[in-house]
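These are the residues of each chain, in order.
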Amino acid sequence: MDHSDFIEKIARLRSERNVLILAHNYQRPEIQDLADYTGDSLGLARQAQETNSETILFCGVHFMAETAYILNPEKTVLLPEKRAGCPLADMITADDVLNLKERYPGVPVVCYVNTSAAVKAVSDICCTSSNAVAVVNSLPGDAVIFVPDKNLGTYVASLTGKKVISWPGYCPTHHKITKASVLNLKKQNPGAVFMAHPECQPEVLEIADHVCSTSGMYEYARLSKANVIIVGSEAGMLHRLSKDNPDKVFLLPSKDIICPNMKLTTLKKVYFSLKNKETKVVIEEPIRSQAQSSCERMMSILA
Ligand code: 13P
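Residues numbered from 1 in each chain as written. Predicted model: local features only at pLDDT ≥ 70, side-chain atom pairs only at ≥ 80, totals over all residues. Heavy atoms only, no water.

Asker: Explain the packing of helix α3 (residues 41-50) against helix α14 (residues 287-299) to me, and be specific about the residues and the numbers.
Answerer: Taken N-terminus to C-terminus, the directions of α3 and α14 make an angle of 105°; their axes are 12 Å apart at the nearest point. Relative to α14, the element α3 is oriented roughly perpendicular. Contact residues: Leu42, Ala45, Arg46 and Gln49 in α3; Glu296, Met298 and Met299 in α14. Taken together, the residues that form the contact of α3 with α14 break down as 4 nonpolar, 1 polar and 2 charged. (Axes fitted to C-alpha atoms, helices over the stretch in contact; angles between N-to-C directions. Helix = DSSP H or I, 4+ residues; strand = E, 2+ residues; numbered from the N terminus. Parallel < 35°, antiparallel > 145°, perpendicular 65-115°, else oblique. Contact = heavy atoms within 4.5 Å. Nonpolar A, V, L, I, M, F, W, Y, C, P; charged D, E, K, R; others polar.)

Asker: Would you mind going over the site of the ligand in detail, with residue names and values included?
Answerer: Near the ligand, the surroundings consist of His24, Tyr26, Asp40, Ser41, Asn114, Ser129, His174, His197, Glu199, Ser213 and Thr214. At a separation of 2.7 Å, an oxygen atom of the ligand approaches a polar side-chain atom of Ser41. A distance of 2.8 Å separates an oxygen atom of the ligand from a polar side-chain atom of His197. Look at the ligand: alone it shows 310 Å² of surface, and the protein chains cover 96% of it. For the shell around the ligand, the per-class residue count stands at 1 nonpolar, 8 polar and 2 charged. (Near = heavy atom within 4 Å. Polar contact = N/O pair within 3.5 Å; in protein donor to acceptor, adjacent residues only side chain to side chain. Areas by Shrake-Rupley, 256 points an atom, 1.4 Å probe, with all protein chains shown as cover.)

Asker: Lay out the pairing of strand β7 (residues 143-147) in plain terms, naming residues and giving numbers.
Answerer: In terms of burial, β7 is a largely internal element, 5 of the 5 residues being buried. Neither face of β7 is exposed, since Ala143, Ile145 and Val147 on one face and Val144 and Phe146 on the opposite face are all buried. Here strand β5 (residues 109-112) pairs with β7 via 3 bridges, running parallel. Bridge pairing in β7 places Val109 opposite Ile145. Sheet analysis places β7 next to strand β8 (residues 163-166), joined by 4 bridges and oriented parallel. Bridge pairing links Ala143 to Lys163 in β8. In this view, the connection linking β7 to its parallel neighbour β8 by way of helix α8 (residues 150-160) has right-handed handedness. (Buried < 20%, exposed > 50% of the residue type's maximum accessible area, 1.4 Å probe, protein only. Pairing = 2+ DSSP bridges. Right-handed = clockwise from strand over helix to strand, strands pointing away.)

Asker: How would you sum up the packing of aromatic side chains? Please name residues and give values.
Answerer: Taken as a whole, this structure holds 2 aromatic pairs when the rule is applied. An angle of 50° between the planes, with centres 5.9 Å apart, marks the rings of Phe6 and Tyr271 as tilted. Here the residue Phe6 occupies a position in helix α1 (residues 3-17), and Tyr271 occupies one in helix α13 (residues 267-276), the gap between them amounting to 265 residues. Judged on exposure class, the residue Phe6 and its partner Tyr271 are both buried. Three or more aromatic residues link up through ring pairs in this structure, and these residues are Phe6, Tyr271 and Phe272. Across from the ring centre of Tyr218, 4.0 Å away, lies the NZ or CZ of Arg240, which sits over that ring. (Phe/Tyr/Trp six-rings, centres within 6.5 Å; stacked < 30°, edge-to-face > 60°. Lys NZ or Arg CZ within 6 Å of the ring centre and 35° of its normal.)

The structure is reproduced here in structure tokens:
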């Protein structure tokens with residue numbers, strides 16, 4: 001079967017079963033085109049909360065589908081590829097967070113959404129790349145524990161002026177973006193602007209014209225007057241950026257800025273996931289409801 005066969009079969013099943021298909025901005029082009037909504041972590045969590053569909057098929061990585069379930073335990077959340085994890089999320093455990101809390105008593109814990117449900121359950125509030133600054137600013141006191149992304153933690157510290165106690169986690173894909181590669185592209189393309197995801201290293205963010213979430217990049221690109229835009233994030237971004245802005249050129253600092261986990265989801269896997277109702281994402285109580293509190297605190301904050 002080729003792409004069009006799978007697209008046809010998926011179309012039939014999704015409407016028969018009233019399934020909402022969500023896709024992250026890093027998914028393969030054909031998955032992005034198929035989805036009811038393609039967006040960043042916060043946008044996807046909002047869509048999951050607002051839908052009337054009883055089933056959500058999540059084309060993304062594990063923590064994203066988990067977040068959809070944490071917020072909507074009455075719904076069936078399907079992940080087409082159960083091996084689609086996030087190395088950054090795997091860099092911290094709930095025990096690590098409990099140790100930090102013991103070391104810094106009374107300091108609120110902010111966890112990036114790229115964490116397991118167990119880590120969310122022992123944190124005070126969750127955040128995404130699009131609302132991290134607003135979340136940290138909403139907390140009392142002049143210090144926060146911020147896990148697990150050290151780069152996002154450093155970025156948040158620079159904008160909030162708070163003392164940020166970070167965990168040394170990082171996204172291996174964003175770490176491939178170097179300052180030298182961006183400067184090289186800028187030299188080759190005078191007038192090019194550089195937009196970067198806050199998971200990039202501090203020295204890369206320092207030379208960015210704009211720092212934002214993946215969905216923030218679509219807005220920035222749409223409004224930018226530049227003809228050439230350097231994208232400091234994953235390769236999947238280029239699909240919709242180029243489609244929506246045919247008059248602009250989008251460049252990646254290097255060809256290998258690819259998240260292997262995001263690319264595990266294929267049309268074939270989406271079809272079998274729909275057909276066989278697999279793999280269901282379920283988080284046991286009380287972890288789920290404890291994680292829900294930290295996610296809902298975040299959802300109530302307007303970024
Ligand atoms: P966004 O929420 O900005 O899409 O980021 C998610 C992510 O995991 C980036 O690597």
